[in-house]
Amino acid sequence: MYSKMLSLRFPVQVVNEPIVVNLVKDYDLSFNILKATVYPRQEGLMVLELSGHKSNYLKGIKYLKGLGIDVKNIGNDIKRDDAKCFQCGACTAVCPTGALYIKRPEMEVIFDNSKCSACELCVAACPAKAMEVNFDRILLE
Amino acid sequence: MAIKKTTRTIEEINKKIRSGKAVVVRADEMTEIVKQRGAGAAAAEIDVVTTGTFSPMCSSGAFINFGHTKPALRASKVWFNNVPAYGGIAAVDAYIGATEVAEDDPLNGVYPGQFKYGGGHVIHDLIAGKKVTLRATSYGTDCYPRKEYEKKITLSELPYATMLNPRNAYQNYNCAINLTAKTIYTYMGVLKPKAGNANYATAGCVSPLFNDPYYLTLGMGTRIFLGGAQGYIIGPGTQHNPNAERAKNGTPLSGAGTLMVMGDMKQMDPKWIAGVSMLGYGCSINIGLGVPIPILNEDMARFTGVADEDIFTRVVDYGNDYPNGESKPLAMVSYAQLKSGMIKFDGRDIPTVPLSSYVRAVEVAEILKTWIKKGGFLLTEPQVMLPTAKKS
Ligand code: SF4
Ligand code: SF4
């Protein structure tokens, strides 16, 4: 089982394509949509978790890219500045996906970006302001 | 418990430190040593146990003298990067408090407020060598005619900058939960409704005052690790309360002891002094602080051997009880339970969340251990002890 949190940015011409249905039907993948928006000038943005067999997953991504969709790993959009992070653990109170968790018994705070849904709850909750959004905020708001 | 015959003095320990022969271990290592070999054997072998903490410590700040200007100024209002400092002291002296928020901050106007920049951040920026904008105003006098002054300053240009923290290193602290139906934003972090999480704020067995619960070896003049440099305990901190209820091993079950400390900011390392923003609450500062505990006798070996399973704190509701000034204990939990990631409360498993960095606390204790082992850090004889309680 392979699973990634992705952001898809689609150009105007594919907004009406049933891409998610095709991913399920043709590539046997399952999904969980976390955010989906279509903007006035008709480009769209979707944040979703895509899971399935790795080979199917890779084919699915190829299909998306073939449509001109900009596919990005969300993990790359939320970053932790490790110079600022002082390993307290406060962020684990709010992280809904377990991307931020504590490794015991060392009590080390780990950020596993493959589990991050880019919900941004940690960004405000981190007292050190160590969690950064590289997301295109304008597109999201 | 009778006081055992002293096995060594601070002077004897310092002799060993100077010759590079002192046996020094961290408090977490001492816990294992005492568990395995007993306090007697540990006392015979070990000279010093080092402790550490890296936690938000609101009651902190710095005295800054920014030097006389031409023409001369008697500052009555002072700001650093737009964060107000207290100017009601001599002409060019000011005290910048860690929790003071920048003047243009929306505070909780947009709830929960972000509190992006405050006194703790100013202190961190100065220690990091960054330029900080100093602004001062005055009503003007015959001897100090100037009414306004603004300048970009750096720590190295300041004639004097001393960190002086009225209350640090709280001996123990509440474990906070929220029994209301909505999320709350507190100085104990984000607390989800219906006891969704339990937040706690000390490093447990490695935290300084758990290792000398009756303050038998420390007091005014004790040299410590403060912000990456050498600093000093200068007395009991505000709210120091030695008479809090204690467990049999001497560790208090609630707040109890605190330290007032000072240190030269110019020697400090920005890694160990960080400005913090508590969502919906305000600004504060994280301070790295470590105290060396001399193992003068078997009692001190036993005290420093304390384990997380033997240190307890109270679970307090920050939803209703605490804001109403009635922080009654709803349950007692050990630091071993807190560190395990779950506590049992009301028959449910509740995830625990630390606010104090255990990783960094151990790192402080490790640095202090290295300093002492290498002979660069001598212990000092406290000149006045802290008020304490009778041992039970
Ligand atoms: S809350 Fe911030 S500083 Fe603390 S562990 Fe999480 S990311 Fe690091
Ligand atoms: S944005 Fe932060 S809180 Fe949200 S899932 Fe990612 S790491 Fe967790």
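Residues take numbers from 1 onward in each chain, read along the sequence in its written order. Here the convention is simple: chains get letters from A, ligands get numbers from 1, in the order in which they are written. With pLDDT at 70 or above as the cut-off, local features in this predicted model cover only qualifying residues; side-chain atom pairs require 80 or more to be listed or tallied, and sums for whole chains, interfaces and linings still use all residues.

Teacher, can you tell me more about the overall build of chain B here?
Each helix and strand in chain B was counted, giving 6 helices and 26 strands. The reference for a compact globule is 2.2 Å times residues^0.38; the radius of gyration itself is calculated from the C-alpha atoms. Its C-alpha atoms give chain B a radius of gyration of 22 Å, near enough to 21 Å, the size a compact globule of 392 residues would have. In terms of its C-alpha atoms, chain B occupies a principal-axis envelope of roughly 70 × 60 × 30 Å. Here chain B, with 392 residues, has 52% of them falling under the buried criterion. C-beta atoms are first placed from the backbone for all residues, and any pair lying within 7 Å is then listed as a contact. Taking the intrachain contacts of chain B between residues at least 6 apart in sequence as the baseline, contacts between residues at least 24 apart amount to 73%. Secondary structure elements follow DSSP: runs of H or I no shorter than four residues count as helices, runs of E no shorter than two count as strands, and numbering proceeds from the N terminus. The exposure scheme places C-beta atoms from the backbone and then counts, for each residue, the other C-beta atoms within 10 Å of its own, assigning buried at 20 or more, exposed at 12 or fewer, and partly exposed in between.

Which parts of the structure should I look at to understand the overall build of chain A?
When you go through chain A residue by residue, the secondary structure sums to 4 helices and 8 strands. The linear arrangement of helices and strands in chain A, starting from the amino end, is β-α-β-β-α-β-β-β-β-α-β-α. In terms of overall dimensions, chain A has a C-alpha envelope of 45 × 35 × 20 Å along the principal axes. If you take every contact in chain A between residues at least 6 apart in sequence, the share linking residues at least 24 apart comes to 65%.

Even after reading the chapter, I still don't get helix H2 (residues 54–66) of chain A, so can you show me in this structure?
Residues and elements named next belong to chain A. Multiplying one less than the number of residues by 1.5 Å gives the expected span of a helix. With 13 residues, H2 should reach 18 Å at 1.5 Å per residue; the first-to-last C-alpha distance of 18 Å fits that figure. Those residues of H2 lying buried are Tyr-57, Gly-60 and Leu-64. When H2 is viewed along its axis, its buried side chains cluster within an angular range of 60 degrees and face the same direction. The exposed residues of H2 that point more than 90 degrees off its buried face are Ser-55, Lys-62, Lys-65 and Gly-66. The reported arc concerns the directions from the helix axis to the C-beta atoms and nothing else.

What is the right way to look at the interface of chain A and chain B in this model?
Often the size quoted for an interface is simply the accessible area lost on bringing the parts together. With 17 residues of chain A in contact, the opposing surface of chain B contributes 23 residues. Residues that form the side of chain A that touches chain B fall into these classes: 11 nonpolar, 3 polar and 3 charged. Side-chain classes are defined by residue name, with Ala, Val, Leu, Ile, Met, Phe, Trp, Tyr, Cys and Pro counting as nonpolar, Asp, Glu, Lys and Arg as charged, and the others, Gly among them, as polar.

Just to check I follow, could you spell out the domain arrangement of chain A for this structure?
Residue and element names in this part refer to chain A. Domains are outlined according to an automatic or database domain assignment. Under the domain assignment used here, chain A contains domain 1 (2–74) and domain 2 (77–135). Relative placement of domain 1 and domain 2: their C-alpha centres are 25 Å apart. Each side of the interface is counted separately: domain 1 has 8 residues, and domain 2 has 6 residues. Only strand S1 (2–10) and strand S3 (44–52) provide two or more residues apiece to the side of domain 1 that touches domain 2. Looking at which element gives the most residues to the side of domain 1 that touches domain 2, the answer is S1, with 3 residues. Along the lines of polarity and charge, the residues of the side of domain 1 that touches domain 2 split into 4 nonpolar, 1 polar and 3 charged.

Can you help me understand the site of ligand 1 in this one?
For each residue, a C-beta atom is placed from the backbone, and the residue is labelled near a molecule or strand when this atom is within 6 Å of it. Surrounding ligand 1, one finds 15 residues, the nearest of these being Cys85(A), Cys88(A), Cys91(A), Val109(A) and Cys126(A). Residue classes in the shell around ligand 1 are distributed as 12 nonpolar, 2 polar and 1 charged.

Looking at this structure, I do not really get the sheet that holds strand S1 (residues 24–26) of chain B. What am I missing?
What holds strands together in a sheet is hydrogen bonding between their backbones, with the strands either parallel or antiparallel. Residue and element names in this part refer to chain B. Spatially, 3 strands are ordered S1-S2-S21 in an open sheet, and the strand pairing comes out mixed. Edge positions in the sheet fall to S1 and strand S21 (292–294), since each has one partner strand and no second. The average angle at which neighbouring strand axes cross in this sheet is 25 degrees, direction not considered. In this structure, strand S2 (residues 48–50) lies alongside S21, joined through 3 bridges in antiparallel fashion. Looking across to S21, one finds that Val-48 is bridged to Pro-294. Axes here refer to lines fitted to C-alpha atoms; in helices the fit is confined to the stretch in contact. Angles between the N-to-C directions go from 0 to 180 degrees. This element, helix H2 (residues 27–45), spans S1 and S2 of the sheet and lies at about 100 degrees to S1. Across the face of the sheet, helix H6 (residues 358–373) comes into contact with S1, S2 and S21 while running at roughly 175 degrees to S1. Should DSSP find at least two bridges between two strands, the strands are regarded as paired.

So what exactly am I meant to see when it comes to the domain arrangement of chain B here?
Residue and element names in this part refer to chain B. As far as domains go, chain B holds domain 1 (10–58 + 164–385) and domain 2 (61–161). Look at where the C-alpha atoms of domain 1 and domain 2 centre, and you get two points 31 Å apart. Only strand S10 (160–168), strand S19 (273–278) and strand S20 (282–290) provide two or more residues apiece to the side of domain 1 that touches domain 2. Element by element, the count of residues in the side of domain 1 that touches domain 2 is highest for S19, at 6 residues. Looking at the side of domain 1 that touches domain 2, its residues break down into 13 nonpolar, 6 polar and 1 charged.

When you look at the nonpolar core in this model, what are you seeing that I'm missing?
In summary, soluble globular proteins display a tendency toward joint burial of nonpolar side chains. Cys91(A), Ala125(A), Val48(B), Ile96(B) and Ile123(B) are the most contacted members of the largest nonpolar core, which has 154 residues in total. The biggest single contributor to this core is H6(B), with 7 residues. Once you skip the residues sitting within four places of it in the chain, Ala125(A) turns out to touch Ala90(A), Cys91(A), Ala93(A), Val94(A), Val190(B) and Leu279(B). Buried Ala, Val, Leu, Ile, Met, Phe, Trp, Tyr and Cys residues form a nonpolar core when they are connected through C-beta atoms within 7 Å.

For this particular structure, what's the right way to read the environment of Leu155(B)?
Looking at the secondary structure, you find Leu155(B) in the loop between strand S9 (148–153) and S10. Residue classification places Leu155(B) among the buried residues on the basis of 20 C-beta atoms within 10 Å.

I tried to follow the sheet that holds S9(B) on my own but got confused; where do I start?
All names here are of chain B. Spatially, the 4 strands line up as an open sheet ordered S6-S5-S8-S9, and their pairing is antiparallel. With one partner strand each, in any of the chains shown, strand S6 (83–85) and S9 form the two edges of the open sheet. Going from strand to strand, the sheet's axes swing by 20 degrees on average, the running direction of each strand aside. Where strand S5 (residues 77–80) lies against S6, 3 bridges are found, and the strand directions are antiparallel. Counterpart to Phe-80 in the pairing with S6 is Val-83.

Would you mind going over the pairing of S5(B) with me for this structure?
Regular strands place their side chains on alternate faces of the sheet. Residue and element names in this part refer to chain B. Note: S5 against strand S8 (residues 132–137), 4 bridges, orientation antiparallel. The residue of S8 that forms the bridge with Phe-80 is Leu-134. Hairpin geometry of S5 and S6 is characterised by an intervening segment of 2 residues between the two adjacent antiparallel strands and by a positive phi of about 50 degrees at Asn-81.

I keep staring at unusual backbone geometry and nothing clicks. Help me out?
Backbone geometry follows two general trends: most residues other than glycine have a negative phi, and most peptide bonds adopt the trans configuration. In this structure, Pro105(A) follows Arg104(A) across a cis peptide bond, with omega equal to 5 degrees. Relative to the helices and strands, Pro105(A) resides in the loop between strand S6 (100–103) and strand S7 (108–111). That bond from Tyr111(B) to Pro112(B) is cis: its omega, -10 degrees, falls within 30 degrees of zero. Positionally, Pro112(B) belongs in the loop between strand S7 (93–97) and helix H3 (119–127). Despite not being glycine, Met107(A) has its phi angle at roughly 65 degrees, a positive value. Structurally, Met107(A) is set in the loop between S6 and S7. For Met107(A), a count of 22 C-beta atoms within 10 Å gives the class buried.

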